[in-house]
Amino acid sequence: MNAEQQALVQRWDGFLSKIKERLDEIIAEATAGCAQIAAQHPLDSLPLSNALTGLDHRVRQLKERIGETWDGQVEDKFSDAGDGDFLDVGLDKKEDFETAFDHHWQNAKAKILADYAASLYPLAQEASQQQPKCDQCRAPLQPAVIHKSETIACPACSAQNLYEPPLAIVAYRGTAAHYLAEAAALPKRQAIDFFRIEVDRWRRAREWAPEPLESLEKWRAMEQDHWTTYAQEKARVLGEPVDQAYITSRMEYFDKYELHMNQVWVNAHGKG
């Protein structure tokens, strides 16, 4: 790399570092603000979800500056300063930074949501100790499952009672279980992102040769691991068996829209 190219890379790196600094500022604001919202609305995830949607928009706008600056001010300079290989240096730096940018925000969001989910646990535990009582005579009722609605006949007066599970239990088993499972599986998803970048660069170096079957097999195994991790964590939170049908459905979707359209895979395995 000559002096001109080194200077160009340094300027590009400098611009990207400023984007990273701004993202760090947004994450710091988000972490503090969302913690306050979660404390104010412990059993309602909608305010927190709305806040994160707004933050997603800010983060997306910040990321768009990378592409706009590259397209308008940087790409031509990399192209003029060397052959196609040097342009690839700039493109790879852009892609690596955008991937790290996405992962940094994903990790921050996952922690915000996982912290909120964890805060629901003691509330759900407290709610589980509450004794449902008959609407008519106030005799104790025993629901078959504490987290599901049902009609219960009072053993004392025979009145029919509609039992509704406490909101804290509903929130923990629904929202919290999903957030905690997503956080547990996120490193697996991010590893897949890195792997797919690696594959694309391998193919680019070989004039976009087809991806080898071994690589496709690895990709599928990584997807399986991701969805298995999600399902296992959700099962742990709920105290239930792992939902194998859910894993199967996610893998069927992956196979249909990724592998079954890949000729290398189809030639080796067909579409069955």
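Residues numbered from 1 in each chain as written. Predicted model: local features only at pLDDT ≥ 70, side-chain atom pairs only at ≥ 80, totals over all residues. Heavy atoms only, no water.

A. Representation of helix α4 (residues 167–204). For α4, with 38 residues, the first-to-last C-alpha span of 53 Å sits near the 56 Å given by 1.5 Å per residue. Of all the bends in α4, the largest measures some 40° and sits at Ala185, one to four residues before the proline Pro187. (Helix = DSSP H or I, 4+ residues; strand = E, 2+ residues; numbered from the N terminus. Expected span 1.5 Å × (residues − 1). Bend = angle between axes of the 7 residues up to and from the residue.)

B. Focus on a nonpolar patch on the surface. On the surface, Tyr253, Tyr257 and Met261 cluster together to form a nonpolar patch covering roughly 370 Å² of accessible area. Structurally, Tyr257 is set in helix α6 (residues 244–257). (Patch = residues over 30% accessible without salt bridge, like charges linked within 9 Å, V, L, I, M, F, W, Y side chains within 5 Å. Areas by Shrake-Rupley, 256 points an atom, 1.4 Å probe, with all protein chains shown as cover. Salt bridge = Lys/Arg side-chain N within 4 Å of Asp/Glu carboxyl O.)

C. Structural view of the nonpolar core. Membership of the largest hydrophobic core comes to 46 residues, with the highest contact counts inside it found for Trp12, Phe78 and Phe101. Those elements giving two or more residues to this core turn out to be α1 (3–40), α2 (46–80), α3 (84–128), α4 and α5 (213–238). Discounting residues that sit within four places of it in the chain, Phe101 has contacts with Ile19, Leu23, Val59, Leu62, Lys63 and Ile66. One finds Trp227, Ala231, Ile247 and Trp265 within the second-largest nonpolar core, a separate group that totals 16 residues. (Core = buried A, V, L, I, M, F, W, Y, C linked by side-chain atoms within 4.5 Å. Buried < 20%, exposed > 50% of the residue type's maximum accessible area, 1.4 Å probe, protein only. Contact = heavy atoms within 4.5 Å.)

D. How the structure looks around the packing of aromatic side chains. Tallied over the entire structure, the rule returns 12 aromatic pairs. Ring centres 5.5 Å apart and planes at 40° place the aromatic pair Trp70 and Phe78 in the tilted group. For Trp70, a relative accessible area of 2% puts it in the buried group. Linked through ring pairs, Trp12, Phe15, Trp70, Phe78 and Phe86 together constitute an aromatic cluster. The ring of Trp227 has Arg250 lying over it, and the distance from NZ or CZ to the ring centre is 4.9 Å. For the cation-ring pair, Arg250 lies above Tyr253, with the distance from its terminal atom to the ring centre recorded as 5.4 Å. (Phe/Tyr/Trp six-rings, centres within 6.5 Å; stacked < 30°, edge-to-face > 60°. Lys NZ or Arg CZ within 6 Å of the ring centre and 35° of its normal.)

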